[in-house]
Amino acid sequence: MNENTKVIKGRTGDWEMVLGLEVHAQVASKSKLFSGAAVGFGAGPNEQVSLVDAAMPGMLPVLNRFCVEQAVKTGLGLRAQINLKSRFDRKNYFYPDLPQGYQISQFDQPIVGEGVVSVERDDGTTFDVRIERLHLEQDAGKSLHDQDPNATYVDLNRAGTALMEIVSKPDMRTSEEAAAYVKKLRTILVYLGTCDGDMEKGNLRADVNVSVCRPGDYEKFRATGDFKHLGTRCEIKNVNSYRYIQQAIEYEARRQIEILEDGGKVDQETRLFDPTKGETRSMRSKEEAHDYRYFPDPDLLPLVLDPAWVKSIEETLPELPDAKKARLQSQYGLSAYDAGVLIIDADRADYFEAAAKGRDAKLVANWVTNELLAKLSAAGTEFTNSPLPHTDIAQLVELIENGTISSKIAKEVFEHMWAGEGRPAEIVEKRGLVQINDTGAIEKAIDDLIAGNPDKAEAVKDKPQALGWFVGQVMKATGGKANPGTVNELLRKKLGVE
């Protein structure tokens, strides 16, 4: 990566940004972390609330074993340390949508320790983001301010929902890297089945920590681990799209640079991103961890995991994105780019593999990642709901491979397939699209063309690139059905082009 891409030009010299993310991922579970209440999107207000979630007197939390299993699975997928002993703490703060007056979370003894995620930039280079920790915690409810001009309503449906907070080290240096990291993290979680990754519903959202420093200071920080080399950070809460993550970072870095260049001081605070205005605004001054008065939750015993149970979870892990990408490249001879596009979604990769059995894999990859992906994206449809089964793409490629149709005709066939006109072979037969491989018929079309254009035929000898005109005309004369390879070969022979 070109180091200059990290540099932000200021009035008083160059600056660099330093980024760390806290990603909140909702655990894929049918019930909450400490109660049996249902979890789901779209229920009416307060329809999924147990007495535990509402903090009724005498109600005790009971830990959801499945949520613990999902956290362990995620930790293993992040190549992280699984802590066999962890603890739940009370994080005390008072807010209308937090009926207990505290959030059950994990402070100094999280369930998952340090790990690492390998991330690819847009230019194909990679970088590692170190994971500091993953801890389990319960979500708060939601305050609704737009229901009544004089009152705030509270919906506790989300209260108690299990979240995994995945905290990174400050290893990202550009807004593009931060967005790429969240994309990669989301892909891993969806592969594992531990979070559905739905950012629109808020099931995956990021708190972005942004600070700026002078060139060279970050290297001093990495060498010493001393945060004094870095600037004061501000945290931007609950950003739920890749584009907003980038916009929030770019705006916030510029804001901090302007303050510092004007001789001011950046205040450590929590901010919100306003996507309409494309700017961040102050939410509250940042409370330090000790202000929350963490203490062990007296209603929950320390969580002790059996190593054999952790091992059994590890044995059920699916093939993860990095391993799948490497295998698709080696097994099918795909480029890093094509393999990267396919593994973004496990269903997409599965669709490709099913279609590629016994076929030209590179050709199948082209059809899946180009034409089919474009159609599905435009229709807002996933590969699991594709109107074209993988067998149709396989058959289309087979027709190209055996010379029944040309690549150009295949695009026409594909449009008819998408329109629901049947399987590729049926469409080719019904519409008379079989490729002309009969050299006699092609030769006649070429002879007629040369006879009608003697001057152009003579010119080709001096300007071989003019051959393209003849190819186009022959294809036109045969309705695009002539075998392009045969056309080229015969033209070169008849026109004396080497």
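Predicted model only: the values in this text are computed from it and were never measured.

(A) Helix H2 (residues 175–192), seen in detail. Given a rise of 1.5 Å per residue, 18 residues ought to cover 26 Å, and the 26 Å separating the end C-alpha atoms of H2 matches this to within 8%. Counted residue by residue, H2 has 14 buried out of 18 residues, so it is predominantly covered. Two residues or fewer after H2 comes Gly-193, characterised by a positive phi angle close to 80°.

(B) Broad picture of the packing of aromatic side chains. In the structure shown here, the tally under the stated rule is 10 aromatic pairs. Ring centres 6.1 Å apart and planes at 75° place the aromatic pair Tyr-292 and Tyr-294 in the edge-to-face group. Residue class for Tyr-292 comes out buried when judged on its relative accessible area of 8%. Among the aromatic residues, ring-to-ring pairing joins Tyr-93, Phe-107, Tyr-292 and Tyr-294 into one connected group. For the cation-ring pair, Arg-173 lies above Tyr-218, with the distance from its terminal atom to the ring centre recorded as 3.9 Å. The ring of Trp-15 has Arg-214 lying over it, and the distance from NZ or CZ to the ring centre is 3.7 Å.

(C) Just the domain arrangement of the protein, in detail. Split by domain assignment, the protein resolves into domain 1 (8–313), domain 2 (319–430) and domain 3 (439–495). Placing the centre of domain 1 and that of domain 2 at their C-alpha centroids yields a distance of 37 Å. Contacts between domain 1 and domain 2 engage eight residues on the former and 11 residues on the latter. A buried area of about 690 Å², summed over both sides, lies between domain 1 and domain 2, and 58% of it is on carbon and sulfur atoms. Contact with domain 2 buries area across many residues of domain 1, yet Lys-184, Thr-187 and Tyr-191 alone supply 67% of it, more than any other trio. Counting across the interface, domain 1 meets domain 2 through two salt bridges. In this structure, Asp-322 and Lys-184 form a salt bridge, with 2.6 Å as the shortest nitrogen-oxygen distance. Those elements that provide at least two residues to the side of domain 1 that touches domain 2 are strand E6 (115–120) and H2. Examining the composition of the side of domain 1 that touches domain 2, we find that five residues originate from one element, H2, more than from any other. Here the side of domain 1 that touches domain 2 is built from residues that sort into three nonpolar, three polar and two charged.

(D) Geometry of helix H4 (residues 242–261). A rise of 1.5 Å per residue sets the reference length of H4, with its 20 residues, at 28 Å; its end C-alpha atoms lie 29 Å apart and thus fit the reference within 8%. Those residues of H4 lying buried are Ile-245, Ala-248, Ile-249, Glu-252, Ala-253, Arg-255, Gln-256, Ile-257 and Glu-261.

(E) Main features of the pairing of strand E7 (residues 126–138). The pairing of E6 with E7 spans six bridges and is classified as antiparallel. In the strand pairing of E7, Ser-118 is matched with Asp-128. Two strands pair when backbone bridges link them, and E7 and strand E10 (residues 162–168) are joined in this way by seven bridges, in the antiparallel orientation. In the strand pairing of E10, His-135 is matched with Glu-165.

(F) Local environment of the packing of helix H9 (residues 361–379) against helix H11 (residues 407–418). It is at 12 Å that the axes of H9 and H11 come closest, and there the two elements cross at 30°. What the angle tells us is that H9 and H11 run roughly parallel. Considering only the axes of H9 and H11, their crossing is right-handed. Contacts between H9 and H11 involve Trp-367, Glu-371, Leu-372, Lys-375, Leu-376 and Ala-379 on the former and, on the latter, Ser-407, Ala-410, Lys-411, Phe-414, Glu-415 and Trp-418. For the contact of H9 with H11, the per-class residue count stands at seven nonpolar, one polar and four charged.

What counts and how
Residues numbered from 1 in each chain as written. Predicted model: local features only at pLDDT ≥ 70, side-chain atom pairs only at ≥ 80, totals over all residues. Heavy atoms only, no water. Helix = DSSP H or I, 4+ residues; strand = E, 2+ residues; numbered from the N terminus. Expected span 1.5 Å × (residues − 1). Buried < 20%, exposed > 50% of the residue type's maximum accessible area, 1.4 Å probe, protein only. Phe/Tyr/Trp six-rings, centres within 6.5 Å; stacked < 30°, edge-to-face > 60°. Lys NZ or Arg CZ within 6 Å of the ring centre and 35° of its normal. Domains from an automatic or database assignment. Contact = heavy atoms within 4.5 Å. Buried area = accessible area lost by both parts, 1.4 Å probe. Salt bridge = Lys/Arg side-chain N within 4 Å of Asp/Glu carboxyl O. Nonpolar A, V, L, I, M, F, W, Y, C, P; charged D, E, K, R; others polar. Pairing = 2+ DSSP bridges. Axes fitted to C-alpha atoms, helices over the stretch in contact; angles between N-to-C directions. Parallel < 35°, antiparallel > 145°, perpendicular 65-115°, else oblique. Left-handed = near helix turned anticlockwise from the far one by under 90°.

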